[in-house]
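Read off the chains here:
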Amino acid sequence: ASALSLAGKLAAKVARPAGSRVVGANDRINFGLIGVGAMGFGHVKQLVRRSKENGDVQVVAVSDIYTRRKKRAQEHAGLADKDVHHDFRDLVARSDVDAVLIATPDHWHARQALDALRARKDVYLQKPMTYTIEEAREVAAAVRQTGRVLQVGSQHSSDLRYHRAREVIEKGWIGSPLWAQGTFSRNSIYGEWNYTIDDDGNEETIDWKAFLGPAPRRPFSQDRYFRWRKYWDYSGGIATDLLYHKLAPLLVAVTGPGGAPFPTRVTAHGGIYVHKDREVPDSYATTVEYENFDGHQAGRGFLPAGQADGL
């Protein structure tokens, strides 16, 4: 749903700046997708379905470093071999790509988003925006410099229930909100993020060097490739996955049109208590404190959010 909302924003633009294809109001928006694993392939299916139903978008190129995923996306989108790229830079260099959708591990987000923006593409970037704060600042600066559209994804922010809650708060029906809370309790004997490992995912079919990218050099590991959210090299763990899925829609509900102010205080705690097969915490909680909620809250506001995975 979030990627399609970006399509709507782009469709409203009649002309594109220099370096991009000129798009008329009746033209399709051409998407290139970087990373077509579980989330990325879900976007492929959404965009293909919308293309068939509305005709206002189309998938013209995909990029991935795992052979099986490339072939699956190619077949579903009906792409020619020339439209399937191993190196994402070949995709962003294409003049027929209007928008790039990035669904890769956290540690690749900044590099791929920056390259796409500088190639005059609009970008839908899966959360988290970047792996580090410094990278986020660099991406924000690139958006201002290039004038491109960049949307950071949390699909829960498109949930109409949170927008309805915002209307209720804006009308003053419940008074000024003091705090809001959200929790993921994914208690499981398997442990969060222990995704299925493909039998044919090996050093022959996965470009391990390309996966590592800016991360530290390590021997090939199926667990690190398929279950990368468990490792600090590629992910912020719960904080950059499930926390944001709760924090973003809460902010949609409790902040005014100007959005949330910068927090005055953030505290967090957690640890590995049950599932010892990881580096990141299996249980985590954080509290984000604001001076106000942009007019809805006269005093301090709190937004606790967290997850207890194994307890």
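Residues numbered from 1 in each chain as written. Predicted model: local features only at pLDDT ≥ 70, side-chain atom pairs only at ≥ 80, totals over all residues. Heavy atoms only, no water.

Visitor: When you look at the pattern of salt bridges in this model, what are you seeing that I'm missing?
Guide: This structure, assessed with the given rule, holds 25 salt bridges. As a salt-bridge pair, Asp-241 and Lys-127 come within 2.5 Å of each other at their nearest N and O atoms. Here Lys-127 lies in the loop between strand E5 (122-126) and helix H6 (133-146) and Asp-241 lies in the loop between helix H9 (222-226) and helix H10 (242-254), a separation of 114 residues in the sequence. Asp-241 gets classed as buried once you look at its relative accessible area, which sits at 6%. For Lys-127, a relative accessible area of 4% corresponds to the buried category. Between Arg-166 and Glu-170 there is a salt bridge, with its nearest N and O atoms 3.2 Å apart. Pair noted here: Arg-166 and Glu-170 are both in helix H7 (residues 160-170), with a separation of four residues, about one helical turn. Looking at Arg-166, the relative accessible area reads 22%, which means it is partly exposed. (Salt bridge = Lys/Arg side-chain N within 4 Å of Asp/Glu carboxyl O. Helix = DSSP H or I, 4+ residues; strand = E, 2+ residues; numbered from the N terminus. Buried < 20%, exposed > 50% of the residue type's maximum accessible area, 1.4 Å probe, protein only.)

Visitor: I tried to follow the packing of aromatic side chains on my own but got confused; where do I start?
Guide: In this description, an aromatic ring pair is defined by two values, namely the gap between the centres and the angle between the planes. Taken as a whole and judged by the stated rule, the model has nine aromatic pairs. Seen from their ring centres, Trp-208 and Phe-211 are 5.2 Å apart, and the 25 degrees between their planes marks the pair as stacked. Taken as a pair, Trp-208 and Phe-211 lie in helix H8 (residues 208-212) at a separation of three residues, close to a single helical turn. Each member of the pair, Trp-208 together with Phe-211, is buried. Both rings, one in Phe-211 and one in Tyr-225, keep their centres 5.2 Å apart while their planes meet at 65 degrees; by these two values the pair is edge-to-face. Remark: Tyr-225 occurs in helix H9 and Phe-211 occurs in helix H8; sequence separation between them is 14 residues. Assigned by exposure class, Phe-211 and Tyr-225 land together as buried. Grouped by ring-pair contacts, the aromatic residues Tyr-66, Trp-208, Phe-211, Phe-220, Tyr-225, Phe-226, Tyr-231 and Tyr-234 constitute a single cluster. Seen from the ring of Phe-184, Arg-186 lies directly overhead, with NZ or CZ sitting 4.7 Å from the centre. (Phe/Tyr/Trp six-rings, centres within 6.5 Å; stacked < 30°, edge-to-face > 60°. Lys NZ or Arg CZ within 6 Å of the ring centre and 35° of its normal.)

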